[in-house]
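# Observations on chain architecture
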Amino acid sequence: MDHQDEEKKPKAENALRRNFLRAVGVGAACAGAWVSKTLPAKSLADETPIPDIPGYDWRKHKWAFGVDATRCIGCLRCVEACKAENGVARDAHHFRTWVERYVYLQGDDQAHVDSQSEPGNIAASGSEQAFRFDNRYQNAPVEKAFFVPKLCNHCTHPACVQVCPTGATYQTKDGVVLIDHSYCIGCQYCVQACPYGAREFNHAMGVTDKCTWCYHRITKGLQPACVEVCPVEARVFGDRNDPESPISRFIKNNRVSVLKPYTGNAPNVFYVGIDKEVS
Amino acid sequence: MIGTLAKAAPYVGYVYPNETDIPWSVLIVIYPYITGLVAGAFIVSSLYHVFGMSQFKPVARFALLTAVSFMFFVPMPLLFHLGNPQRAFNAVLTPHWTSAMSAFSYVAGFYVCLLLLEIWFAFRADIVALAKTKAGLAGRIYRLLSLGSDDVSSRALAIDHRFATALAIIGIPSAGGLHGYVGFLFGSVKAREWWSSDLMPIIFLLSAIVSGIGLLVVLYVAYSKARKVPADESVLMGLAKTLWAFLLVVLLIEGLELLEMFYKRLEGIDAVQRLIEGPIRYGMLLQWGCSVGVLVLLSVLILAKVRGRLLVVGMTVAGIAMMIGVLAMRWNVVIGGQELSKTTKGLLTYYPEILGHEGLLAVAIIFLCPFVVLWLITRFLSPWEPEAGKEVSS
Amino acid sequence: MPKHIVRLMLLVAVAAAAALGAKAYFTDKSYYRYGHYRGDSVAEIAGDTPRFRGNAYCKSCHQKQYAAWEGSPHNNPAAGKHVVCEVCHGPVGPHPSTVATPSFDERIALGSRAAVLTDKGAPSGQSSLPRDKTLCIQCHEAMPGRPSAQRQVALAAHSGTAECSTCHDPHEPKIYFSNLQAPPKGNVQAGKTLAAQCAACHGPAGHSVNPEWPNLAGQHAGYLLKSLQAFKAGTRANEMMSGMAAGLSDSDMENLAAYFSGESCKKSAGDPALAALGKARSNTCALCHGAAGVGGNPSWPNLAGQNASYLTASLKSFRSGSRSHPVMTSVAKTLSDDDIDRLAVFYASANCK
């Protein structure tokens, strides 16, 4: 656009404009020099500001998550770790991450599915404070069975962000969907909008809560808590900008799928080894 | 225990664990219901103010006051429901326009202003007259409302009339927008099988209008009784015909939506069927029973040219049944949508609290408030034509 | 324009201006900096303190446990196994700091963002699960859905109600012997001399004269030593043996164990039909005592060639509770009288070599 304009314009005007632009440029440089003296050196690299996170530049990362359902043993260490790391309500009805069990009995077309809010599993845990799967299928004619960890998909086009009336939930430049708990009004429209049931309501704070991929950990070079404690590498996390990161290799070496692709949300949690009924 | 739900919703089949904490309570049933009553009442006043249907003249101003009384309480259920109501203004400060909900404060705020202005123009002559006659605190309020002007010349009144008409013309799309927006709020949620529908805004709008007309019928009859004047038959017959027309379209569209859903039989339709046969079956019976019943009743009243006491009784029954039917419809949509799990493998059952800030008692109190406010406003500004009352009583 | 219209418009204009002013004033200054959200919130969220702190942190103090774990099947990155410290122990948190973290209510009162993160997490360095078998079976209970590569046990058949840590060190979960002394290095000659006292009942060279009493020949030295120690300490009761063991010094016991374990055992005859039935019932026993009653673990007795009457009496005493052992007590409770008789015959007639 600018080029075309320039060609059409008379020379004198062009020169005038160039002079003006130069003046503006000099002014900006001076301002920049002044700013660079008064502000920490960090902001020099690029004019666009970045959040003040020590040792972390969100422009350099593109986070993604992988789940290998063929490896999951349903031990629920991830669920407990997440609750402890993130202070999620310790009951069987609020989760940032949970694990589903799919069981096909012989002759069944449909899976029997259960997870942590299922009364049988609550009973097996002894209370809603702890989590485990009961062993209800140990004597059943099981044809096929597997576990599927679930968490926020940190979608590329998140429906939850779309419907937030205040901008309390948003997508960061490095691909994480976060919630500003001090700005959320607690309308729960985002809870409705998430097709994956990944959002829960923190009744104590009156705000919506969900998985952040442990943003406070990954920005410090750590793994999310659930990945840290997964004993069997069923959970994989990393930076897609790094071709050698665990997640890049996971996506490269497997045929991965995502949940409910028809919603158009474009999830960033990639699954291996799930079945037709997993959604 | 902090952070723990007192009662998780029971379910059958498989639901995501977070779904057992049902996000939107009975408060969000009453919210679109109240909004709908506003839209319906406003449409009736517009039928006179814009479309010049003079049979509605006796209730036109009353309809406006009804609309504003209910409009005042539209935000109430929302504020009660918010986890942090003190932050409600965040949605006004930084409205996130991709969200239908961010428009609420602006649409509702605009609509309240519009209603107030419309009322002001409609009542200005009365206000000026009262400002001159009343003394004390009431007189001072009337004088404040008259903005210190006692200009009721025919020229001024003509200008007033032009403004009022202009506002009413803006008001119709606004009322439509206000309620179509509520429908959009639900219809655009693609995660919910039972909500996600392109027809939702129009269904909400039309059912809003029928519920509002129903409310107006009931209130008009009640006020006539209280004022000891007979209800105007031409008003009632006019309302009957309007209600009949809108109701027919509502039933058609709602029926078509269900038909299409079950004809297409897309994934998840089995779950929808189980929802209709399960958690919301009484709601559906109430919604469809009332709607069809009212349509039949109205047809009889109109065809048989019923008059007198029978018309009043018939219309009152129709009005109440319409209000119940639409309330059931709101429940079926708002609660039903959440009772159908996003997994489409399970159904939840929502049991409302009785006490508590999201309970039935709170809802009942919120719903009673507009009636009280309406009563106060009509005492302050009488919407009735004084000479008409005198004629009848003399 | 009439006066009232002008005034009305003025009123509307003033209200609109006030609203716009208020909007500008109350909007957070960091809003819109990176997008439609409060820019400062990103760094706030990133600023939270991790509670899980990783193996390296644990290792800095708990080197012994770390070393045991490091070479164990619980740490096998090549096979994708990473049972790191915090999997079982829970998040480290501020451990070992003794400064108490503020409670949930206190943090609410402080009004900090940290208040969002309730402290409903387990106390640092502690899993919410009790540190008993509940923790182990979370991963190792045989359950449909677990991949076959995962080590799983059917609980009832494997150990009954016994604690996993009876046999397994969680840091190094392969069967371990670390709660025993090394196999005793007693003096066989000295033992032989001392054994004269035992011969009256256990026979010359440890072949018992009465089937009610056990053969000692060829038995694991570790087990013999442990038994003598238990009799002396009174943790295992026997009228005769308590008295005998009371007079023995530590080195006496080691010498005796070394002597008897070196003698050769012999099997006794038994009804082959009963023995076959016993063998069919011996799966559970085989886990510790070996498929044919000769176990590799010196802390547990060999059963092959043992007297049937003694075996029967022992199992019944475990079952009744008059003799106790964390594993045997629960295993014996799963056996009927017939089972016991058959198992006894099976082991008595099994080849003890």
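Residues numbered from 1 in each chain as written. Chains lettered and ligands numbered in written order. Predicted model: local features only at pLDDT ≥ 70, side-chain atom pairs only at ≥ 80, totals over all residues. Heavy atoms only, no water.

### Digging into the overall build of chain C
When helices and strands are tallied, chain C shows 18 helices and four strands. Counting only residues that meet the buried cut, chain C has 43% of its 353 residues in that class. Taking as baseline every contact in chain C between residues at least 6 positions apart, the subset at least 24 positions apart corresponds to 64%. With an accessible surface of roughly 18,200 Å², chain C has 60% of that area assigned to carbon and sulfur atoms. (Helix = DSSP H or I, 4+ residues; strand = E, 2+ residues; numbered from the N terminus. Buried < 20%, exposed > 50% of the residue type's maximum accessible area, 1.4 Å probe, protein only. Contact = heavy atoms within 4.5 Å. Areas by Shrake-Rupley, 256 points an atom, 1.4 Å probe, with all protein chains shown as cover.)

### Things to note about the overall build of chain A
Scanning chain A for helices and strands turns up nine helices and 10 strands. A sequence separation of at least 24 residues applies to 60% of the contacts in chain A between residues at least 6 apart. Working note: accessible area of chain A is about 11,500 Å², and carbon and sulfur atoms make up 56% of it.

### Remarks on the confidence of the model for chain C
Residues and elements named next belong to chain C. When pLDDT is averaged along chain C, the result is 82; 85% of the residues meet or exceed 70. The secondary-structure element of chain C with the lowest mean pLDDT is helix H6 (residues 104-110), recorded at 46, while helix H2 (residues 40-46) shows the highest, at 95. Note that residues 107-126 has pLDDT below 50 and, in this model, 56 contacts with residues that lie over four places away or in other chains. A low-confidence stretch, residues 177-181 stays under pLDDT 50, and its non-local contacts, those more than four residues away or across chains, total five contacts. (pLDDT = per-residue confidence, 0-100.)

### Some remarks on a nonpolar patch on the surface
Nonpolar side chains collect at one region of the surface, where Ile354(B), Leu355(B), Leu360(B), Leu361(B) and Ile365(B) lie side by side and expose about 480 Å² of accessible area between them. When you line up the elements, Leu361(B) lands in helix H13 (residues 360-380). (Patch = residues over 30% accessible without salt bridge, like charges linked within 9 Å, V, L, I, M, F, W, Y side chains within 5 Å. Salt bridge = Lys/Arg side-chain N within 4 Å of Asp/Glu carboxyl O.)

### Some remarks on the packing of helix H8 (residues 200-227) of chain B against helix H9 (residues 233-264) of chain B
All names here are of chain B. One can describe the packing of H8 onto H9 by two numbers: an axis separation of 9 Å at closest approach and a directional angle of 155 degrees. By the angle between their directions, the pair H8 and H9 is classed as roughly antiparallel. Crossing angle aside, the handedness with which H8 passes H9 is left-handed. Along its contact with H8, which presents Ile-202, Ile-203, Leu-206, Ser-207, Ile-209, Val-210, Ile-213, Val-217, Tyr-220 and Val-221, the element H9 presents Val-235, Leu-236, Leu-239, Thr-242, Leu-243, Phe-246, Leu-247, Val-249, Val-250, Ile-253, Glu-254 and Glu-257. Classifying every residue of the contact of H8 with H9 gives 18 nonpolar, two polar and two charged. (Axes fitted to C-alpha atoms, helices over the stretch in contact; angles between N-to-C directions. Parallel < 35°, antiparallel > 145°, perpendicular 65-115°, else oblique. Left-handed = near helix turned anticlockwise from the far one by under 90°. Nonpolar A, V, L, I, M, F, W, Y, C, P; charged D, E, K, R; others polar.)

### Some words on the packing of aromatic side chains
In the structure shown here, the tally under the stated rule is 40 aromatic pairs over all chains. Judged by centre distance (6.5 Å) and plane angle (40 degrees), the ring pair of Tyr34(C) and Tyr37(C) falls under tilted. There is no split in this pair, since Tyr34(C) and Tyr37(C) are both buried. Members of the aromatic cluster, each reached through a chain of ring pairs, are Tyr189(A), Trp24(B), Phe186(B), Trp195(B) and Phe204(B). Against the face of Phe123(B) rests Arg61(B), its NZ or CZ located 4.1 Å from the ring centre. Sitting over the ring of Trp195(B), Arg192(B) keeps its end group 5.5 Å from the ring centre. (Phe/Tyr/Trp six-rings, centres within 6.5 Å; stacked < 30°, edge-to-face > 60°. Lys NZ or Arg CZ within 6 Å of the ring centre and 35° of its normal.)

### Side note on helix H1 (residues 3-26) of chain C
Taking 1.5 Å of rise per residue, the 24 residues of H1(C) would be expected to cover 34 Å, and the 35 Å separating its terminal C-alpha atoms lies within 8% of that figure. The complete set of buried residues in H1(C) reads His4(C), Ile5(C) and Leu8(C). Buried-residue contacts for H1(C) involve helix H5 (103-133) and helix H7 (154-187) of chain B. (Expected span 1.5 Å × (residues − 1).)

### Brief notes about empty space enclosed by the protein
Using the criterion set out here, one finds 13 cavities of 30 Å³ or more in the structure. By volume, the largest cavity is sized at about 170 Å³. At the level of secondary structure, the elements contributing two or more residues to the lining of the largest cavity comprise H8, H9, helix H11 (281-303) and helix H12 (308-339) of chain B. Its boundaries defined by the atoms lining it, the second largest cavity holds a volume of some 120 Å³. Forming the walls of the second largest cavity are 13 residues, and the residues nearest its centre are Ala217(C), Gly218(C), Gln219(C), Cys265(C) and Ala304(C). Grouping the constituent residues of the lining of the second largest cavity by class yields five nonpolar, seven polar and one charged. In this structure, the lining of the second largest cavity is formed jointly by two domains, domain 3 (188-262) and domain 4 (272-348) of chain C, each of which donates at least three residues. (1 Å grid on protein atoms, 1.4 Å probe; cavity = no way out; pocket = protein on both sides within 12 Å on 5 of 7 lines; lining within 4 Å. Points joined across faces, edges and corners; volume = space filled by probe spheres on them. Domains from an automatic or database assignment.)

### Notes on the nonpolar core
Core analysis: the biggest nonpolar cluster contains 140 residues, and Tyr189(A), Met71(B), Leu115(B), Tyr181(B), Phe186(B), Trp194(B) and Met315(B) have the highest contact counts within it. Beyond its immediate sequence surroundings of up to four residues, Phe186(B) is in contact with Trp24(B), Ile28(B), Trp195(B), Ser196(B), Met200(B), Phe204(B) and Val334(B). By size, the runner-up hydrophobic cluster in this structure holds 60 residues, among which are Cys75(A), Cys155(A), Val176(A) and Val42(C). (Core = buried A, V, L, I, M, F, W, Y, C linked by side-chain atoms within 4.5 Å.)

### A few points about the interface of chain B and chain A
Contacts between the two partners involve 45 residues from chain B and, on the opposite side, 55 residues from chain A. Each partner contributes to the roughly 3,800 Å² buried at the junction of chain B and chain A, and carbon and sulfur atoms together form 51% of this total. Of all residues in chain B, Tyr14(B), Tyr16(B) and Asn18(B) give up the largest surface area on contact with chain A, accounting jointly for 17% of the area buried on that side. Seen at the junction of chain B and chain A, the total is one salt bridge. The partner of Lys345(B) in a salt bridge is Glu277(A), and the shortest N-O contact between them spans 3.0 Å. On inspection of chain B and its partner chain A, the count reaches 38 residue pairs in polar contact (both at pLDDT 80 or more). Elements that contribute at least two residues to the side of chain B that touches chain A include exactly strand S1 (11-14), helix H4 (90-93) and H7 of chain B. The element contributing the most residues to the side of chain B that touches chain A is H4(B), with three residues. Of the residues assigned to the side of chain B that touches chain A, the class counts are 23 nonpolar, 16 polar and six charged. (Buried area = accessible area lost by both parts, 1.4 Å probe. Polar contact = N/O pair within 3.5 Å; in protein donor to acceptor, adjacent residues only side chain to side chain.)

### Quick look at the pairing of strand S1 (residues 63-68) of chain A
Residue and element names in this part refer to chain A. For S1, the tally of buried residues reaches six of six residues, placing the bulk of the element in the interior. Of the two faces of S1, the one holding Trp-63, Phe-65 and Val-67 and the one holding Ala-64, Gly-66 and Asp-68 are both buried throughout. Pairing between S1 and strand S9 (residues 235-239): five bridges, direction antiparallel. If you follow Gly-66 over to S9, its bridge partner there is Val-236. Note that S1 and strand S10 (residues 269-272) share four bridges and pair parallel. Bridging across to S10, Gly-66 finds its partner in Phe-270. (Pairing = 2+ DSSP bridges.)

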